[in-house]
Amino acid sequence: MKQDDLTDQTRKIELALLSVINQQKIDLVYQGQYKLPSNQLVGLEALCRIPPGPWGDVLPDQFIPVAEEIGLITQLERVVFKQIAIDLPQLLKRHPHLRISINLSIRHVTAPDFSSFIEGWLNALSESNIERLDFEITETYFQLISPTVIDSLQTLRKRGVRIVMDDFGSGQSNLSRLHTLPFDVIKLDKQFAQQIDHPIVRAIVKATVALTQEFGIGLIAEGVETTSQALSLQEAGCHLVQGYFFSHPHPIAHWL
Ligand code: C2E
Ligand code: MG
Ligand code: MG
């Protein structure tokens, strides 16, 4: 892509982000998480979508990195949290045993008012809803995890929220820091499910299964697109999965 096109695209995305923030309105879709071998629905991940507009169609993989870069991620995620507070009681009333995953940017966690924002947001929920929450933190920005961030994540865990390390193994993994990070679940990046036929990939998945079992950490694989990927993951000992093979992300009405 030429530099001009790139700037043009970034400007379009900025327009879309500002529209969401000004109107305090964003669309959410939810994708199922399933237990193998029963294929029982055990969780839903909230994924945000910007409604189409003069900016055309923009996808999270395009607008989340821009929002991070131009400093709009905190405001964007607060719109997402506002909508989740509305959806959560409805989803849990219908399916009390599900876990609900929300993606949370490390940059948002480092915002000076994060603690007061999240405390206020959690205080407005019932205790039984709070304990169903998983906050997914992508590994991409793990270098931003400072002692202050670790404190914030610990505070969230004390409130009953689980912390999930999203996109684990996607490139930024800092295995030497793993033991210093507070998390409850590892979410294997989609590359692992999609390349599970390769003996080395399978060996890495098995090693991750052993690691999580030894330390009582949860493990889920995302990006599962075929029955053979699901079977191989199950054989390797990974019993929680998410991906198009099981369900695409759908608006809340689909799940109610
Ligand atoms: P993620 O959290 O790793 O979410 C999984 C992404 O993989 C989603 O893309 C989902 O639609 C896609 N996916 C699910 N199953 C499959 C599959 O079988 N195959 C393939 N190829 N893809 C699959 P989506 O919705 O486009 O979101 C992309 C990323 O944007 C998310 O990755 C997440 O990092 C970020 N994101 C989405 N919503 C939010 C949000 O509300 N806040 C933040 N901070 N990030 C968000
Ligand atoms: Mg996620
Ligand atoms: Mg992911």
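Residues numbered from 1 in each chain as written. Chains lettered and ligands numbered in written order. Predicted model: local features only at pLDDT ≥ 70, side-chain atom pairs only at ≥ 80, totals over all residues. Heavy atoms only, no water.

**Some points on the environment of glycine 56**
If you trace the backbone, glycine 56 turns up in the loop between strand E2 (40-49) and helix H2 (60-69). Using a relative accessible area of 30% as the deciding quantity, one classes glycine 56 as partly exposed. Residues glycine 56 and isoleucine 13, spaced 43 residues apart in sequence, show a C-alpha to C-alpha distance of 9.1 Å. (Helix = DSSP H or I, 4+ residues; strand = E, 2+ residues; numbered from the N terminus. Buried < 20%, exposed > 50% of the residue type's maximum accessible area, 1.4 Å probe, protein only.)

**Quick look at the coordination of the magnesium ion (ligand 3)**
Binding of the magnesium ion (ligand 3) to the protein goes through Asp166 (OD), Asp167 (OD) and Glu222 (OE), at separations of 1.9 to 2.3 Å. Mapping the donors of the magnesium ion (ligand 3) onto the primary sequence yields the spacing D-D-x54-E. Metal-to-metal, the separation of the magnesium ion (ligand 3) and the magnesium ion (ligand 2) is 4.1 Å; aspartate 166 coordinates the two. (Donors = N, O, S within 2.8 Å, 3.2 Å for Na, K, Ca; no water.)

**With respect to the site of ligand 1**
Every one of the 24 residues lining ligand 1 counts as a neighbour, but Arg49, Glu77, Asp166, Glu225 and Tyr244 are closest to it. One nitrogen or oxygen atom from the side chain of aspartate 166 is found 2.9 Å from an oxygen atom belonging to ligand 1. For ligand 1, whose free accessible area comes to 790 Å², the fraction covered by protein is 88%. Only E2, H2, helix H3 (73-94), strand E5 (162-168) and helix H8 (190-194) provide two or more residues apiece to the shell around ligand 1. (Near = heavy atom within 4 Å. Polar contact = N/O pair within 3.5 Å; in protein donor to acceptor, adjacent residues only side chain to side chain. Areas by Shrake-Rupley, 256 points an atom, 1.4 Å probe, with all protein chains shown as cover.)

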